[in-house]
Amino acid sequence: MTTPPVIDLIDLRFAWQDGPTLLDILGFRVEAGERVFLRGPSGSGKSTLLGLIAGVLEPQSGKVEVLGHDMTALSGPKRDALRADRLGVIFQMFNLVPYLSLVQNVTLPCRFSSARRQAAGGEGQLNEEAVRLLSRLGLSGERLLARPVTELSVGQQQRVAVARALIGGPDLIIADEPTSALDADARDRFIELLNEEAGRSGSALLFVSHDASLASHFDRSVDLSEINRAKGGV
Amino acid sequence: MGLSILGLAWRSLMNRRGSALLTILAVALSVALFLGVDKVRNGARSGFDNTISGTDLIVGAPTGQINLLLYSVFRLGSATAEISWDTYESIDRRDDVDWTIPLSLGDNHRGFRVVGTNESYFEHYRHGGGTQLRVSEGELFSDIYETVIGADVAQELDYSIGSEIVLTHGLGAGGLTDHEDKPFIVTGILAQTGTPVDRSIHVPLEGITAIHVGWESGTRSPFADTISEDMIRGFDLTPKSVTAVFVGLEQRGSLLRTQRALNTQGGEPLLAVIPGVALGELWQVTGIVERALIAVSVFVIAVGLVSVLTSILTSLNERRREMAILRATGARPGHIFFLMVAEAAMLGLCGAVVGVFLVQLGLLIAGPILSSAYGISIGGLGISAIDGWTVLAVFGAATLIGTIPAVMALRRSLADGLTVKL
């Protein structure tokens, strides 16, 4: 039995309401467990592409297959459920819900998905799992864990976001410019950590950035302008 | 799952606890105003309704029927005229009359009204749906210089059996017009009734006559002090007049006939009123004000609810990213919707519950003042059905109002996707 690719885009077209076509992708694929770097300047539609993959946006035409599911054929709630169950998402910054503790932020996906909750060890183990993930990412100690998330440094916040993306071992982690607010040292360490943990949990990783110098950390690097025909003329 | 969204809503509110507390306070105050108005209104009504029962007619000199009711039963205001003793006796002698209670009002003791009456008062006066007056300590008066005091009088002035009290002429404060030459001795204290009886000092009619010997002009004559107690006892102390008469009939069926007969009899003009009818007229007058107050307080609740809406709407913009994070981590649109509605509902519920407690606290503090100054009994004004319904209504309205920001947040989060640039 072959594992379906975690992401398979086929003849995808997307435009924001009344806008010109932003994305027109003939084909793009990420295999299970693969760690892919997607490069593109800001405004090139990277974040929109991630929205499409995560199932919060719908393309005008074409197919978005995620983990073998045709997202365009799934209903909204089913897409939400798939995202909750099997995807981890890391943003550029401000990843955390300000009124939740570190651990509560990490276990957030488990509130919305029972599959994720089970995968993370079940109700009783959630907090332990969150603490374990946080400590693997270098965040440990009662005092640190008790701090309001708004008082953490940006680097610490991003690592909390990684722990949240990792909890329950999702099949795919998508990261949208997660290092843009970090300095060079912290950035490299962050990417190493992310790669290592994604590898440990067997998750595929789609890492999006404008910074081509990061490409060397990944199995494969793709330039959005190469696969996106819409921007060809610009 | 649902529970954890409630947990999120609660934490989100606590994260903005300053504005949340202000909103809760606004709702609480508006609910407290509404319930307070309602409770004082009901307290006044039930207090008044419970004050007199079993009395078929109240008879006094011609005046308004509400006025007669107020001064004779509630000891509020004062009589402008009296009826003569002869007329009183003619009423008492009527065939259709079972019993009468003569009342002589007009003096006070340290702000408590003095009621000149006879044993009939203790035998026939009924309150709270038929309860007779009961002496909790001592016994009824048997001599002209003895007095039976209400429970509040005893408590507030710290009087006990054997205490001597000096009455004051008229209804003003003591001083020059004290009848200090003729003190009364407390022989009995009445059990608490929750009516103006608690705040009354009851003396024999003859006692009223006795202390006014030498006061015929309205003030003390120099001659008054020269009259000794023994001399007074030798006088005929039958009163010349009484202020009002409570009448009990042989048969209630003759009520209207007797009332008409008294109102239209030859000789001294009289006013006979049926207590229930006079109360009804009083409620008609106050009803207009009550409805206006209720209407105003309902609008104030609406204002409180608008503050719930305002507080959530103003938070929406700064929470776009929060919504995107929740969506990214798997929250369905329904979760976002429920989160916003839950916040509004919590604000409404907390506000309403706090409002109910504010009212109870207010009654606890202001209750004694209300009952002593206005005769509004606050007994039985604890948590009641209306509190529950009000909490439910405010909770429901807040939930309904919560759908407005909920729909807005939902639309925005669907349009924003995962990307919110701030």
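Residues numbered from 1 in each chain as written. Chains lettered and ligands numbered in written order. Predicted model: local features only at pLDDT ≥ 70, side-chain atom pairs only at ≥ 80, totals over all residues.

Along its length, chain B carries 13 helices and 14 strands. Expressed as a percentage of its 422 residues, the buried residues of chain B come to 43%. (Helix = DSSP H or I, 4+ residues; strand = E, 2+ residues; numbered from the N terminus. Buried ≥ 20, exposed ≤ 12 C-beta atoms within 10 Å, placed from the backbone.)

Of the regular secondary structure elements, chain A holds 10 helices and 9 strands. Relative to its length of 234 residues, chain A is compact, with a C-alpha radius of gyration of 17 Å against a globular reference of 17 Å. Along the first, second and third principal axes, the C-alpha set of chain A runs to 55 × 40 × 35 Å. In chain A, the share of contacts with a sequence separation of at least 24, taken over all contacts with a separation of at least 6, comes to 74%. (Rg over C-alpha atoms; globule rule 2.2 N^0.38 Å. Contact = placed C-beta atoms within 7 Å.)

This part takes up the nonpolar core. For soluble globular proteins, nonpolar side chains are generally found buried alongside one another. A163, I174 and L206 of chain A together with V27, V31 and A398 of chain B are the most contacted members of the largest nonpolar core, which has 112 residues in total. Not counting the four nearest positions on each side in its chain, A398 of chain B is found in contact with L305, V308, A344, A345, L347 and G348 of chain B. Counting residues in each nonpolar core, the second largest holds 58 residues, with I101, F141, I189 and A244 of chain B among its members. (Core = buried A, V, L, I, M, F, W, Y, C linked by C-beta atoms within 7 Å.)

Time to look at the interface of chain A and chain B. With 24 residues of chain A at the interface, the matching set in chain B holds 19 residues. Of all the secondary structure elements, the ones that give two or more residues to the side of chain A that touches chain B are α1 (46-54), α2 (76-86) and α4 (108-112) of chain A. If you tally residues by element for the side of chain A that touches chain B, the top one is α2 of chain A, at 5 residues. Residues of the side of chain A that touches chain B, tallied by class, amount to 15 nonpolar, 5 polar and 4 charged. (Nonpolar A, V, L, I, M, F, W, Y, C, P; charged D, E, K, R; others polar.)

This next bit is on the sheet that holds strand β2 (residues 21-30) of chain A. Whenever strands of a sheet pair, they do so through backbone hydrogen bonds, lying parallel or antiparallel. Residues and elements named next belong to chain A. The strand order across the open sheet built from 4 strands is β2-β1-β4-β5, with neighbouring strands paired in antiparallel fashion. Here the strands that pair on one side only, and so sit at the sheet edges, are β2 and β5 (69-70). In terms of strand pairing, strand β1 (residues 7-15) meets strand β4 (residues 61-66) through 5 bridges, oriented antiparallel. Bridged to I7 within β4 is V66. (Pairing = 2+ DSSP bridges.)

Scored by pLDDT, chain B comes out at a mean of 84, with 88% of its residues at no less than 70. For this predicted complex, the interface confidence comes out at an ipTM of 0.82, alongside a pTM of 0.71. (pLDDT = per-residue confidence, 0-100.)

Our focus in this paragraph is the environment of N127 of chain A. All names here are of chain A. For N127, the position within the fold is in helix α6 (residues 126-136). On the basis of neighbour counts, which here come to 17 C-beta atoms within 10 Å, the residue N127 falls in the partly exposed class. Between the alpha carbons of N127 and G43 there is a distance of 38 Å; along the sequence they are 84 residues apart.

Turning our attention to helix α4 (residues 85-93) of chain B. Since one α-helical turn is 3.6 residues long, residues separated by three or four positions face the same way. All names here are of chain B. Those residues of α4 that sit buried are T87, Y88 and I91. Along the axis of α4, the buried residues cluster in a sector spanning 105°; they form a single face. Of the exposed residues in α4, the ones pointing more than 90 degrees away from its buried face are D86 and R93. Buried residues along α4 sit in contact with β1 (57-60), β2 (83-84), β3 (97-109), β12 (241-242), β13 (244-249) and α9 (255-264). (Arc of directions from axis to C-beta.)

Residues and elements named next belong to chain A. In the contact formed by α6 and helix α8 (residues 154-166), the axes pass within 9 Å of each other and the chain directions differ by 130°. When the interaxial angle is binned, α6 and α8 end up oblique. The way α6 lies across α8 gives a crossing that is right-handed. For the pair α6 and α8, the contacting residues are A130, L133 and L134 in the first and V160, A163 and L166 in the second. Looking at the contact of α6 with α8, its residues break down into 6 nonpolar, no polar and no charged. (Axes fitted to C-alpha atoms, helices over the stretch in contact; angles between N-to-C directions. Parallel < 35°, antiparallel > 145°, perpendicular 65-115°, else oblique. Left-handed = near helix turned anticlockwise from the far one by under 90°.)

Now for unusual backbone geometry. Phi angles above zero are rare outside glycine, and D11 of chain A is one such case at about 50°. On the secondary structure map, D11 of chain A appears in strand β1. Since 12 C-beta atoms lie within 10 Å of it, D11 of chain A is described here as exposed. Positive phi, close to 60°, is recorded for R75 of chain B, a residue that is not glycine.

It is worth spelling out the packing of helix α3 (residues 65-73) of chain B against helix α10 (residues 275-316) of chain B at this point. Residues and elements named next belong to chain B. Their axes nearest at 9 Å, the elements α3 and α10 cross at an angle of 110°. What the angle tells us is that α3 and α10 run roughly perpendicular. In this structure, the crossing between α3 and α10 has a hand that is left-handed. From α3, Q65, I66, L69 and V73 reach across to α10, where they touch P275, A278, L279, E281 and L282. Of the residues belonging to the contact of α3 with α10, the class tally is 7 nonpolar, 1 polar and 1 charged.

Across 2 bridges, the pairing between β4 of chain A and β5 of chain A is antiparallel. Considered in β5 of chain A, the bridge of V66 of chain A is made with H69 of chain A.

Moving on to the sheet that holds strand β6 (residues 87-90) of chain A. Residues and elements named next belong to chain A. Strand order in the open sheet formed by 5 strands is β6-β7-β8-β3-β9, with parallel pairing between adjacent strands. In this open sheet, the two strands that pair with only one neighbour each are β6 and β9 (220-223). Put simply, the sheet's adjacent strands are angled 15° from each other on average, direction ignored.

Residue and element names in this part refer to chain B. Within strand β11 (residues 200-204), 5 of the 5 residues are buried, leaving the element largely enclosed by the surrounding structure. Both faces of β11 are covered, namely the face carrying S200, H202 and P204 and the face carrying I201 and V203. As paired strands, strand β4 (residues 112-117) and β11 are joined by 5 bridges and run parallel to one another. Bridge pairing links G116 to V203 in β11. Where strand β8 (residues 146-149) and β11 come together, 2 bridges link them in antiparallel fashion. Across the sheet, residue V148 finds its bridge partner in β11, namely H202.

Here we take up the environment of I5 of chain B. Residue and element names in this part refer to chain B. Relative to the helices and strands, I5 resides in helix α1 (residues 2-15). Sequence separation of I5 and T310 is 305 residues, and the distance between their C-alpha atoms is 22 Å. Once residues lying within four places of it in the same chain are set aside, the contact partners of I5 are H335, F338, L339 and A342.

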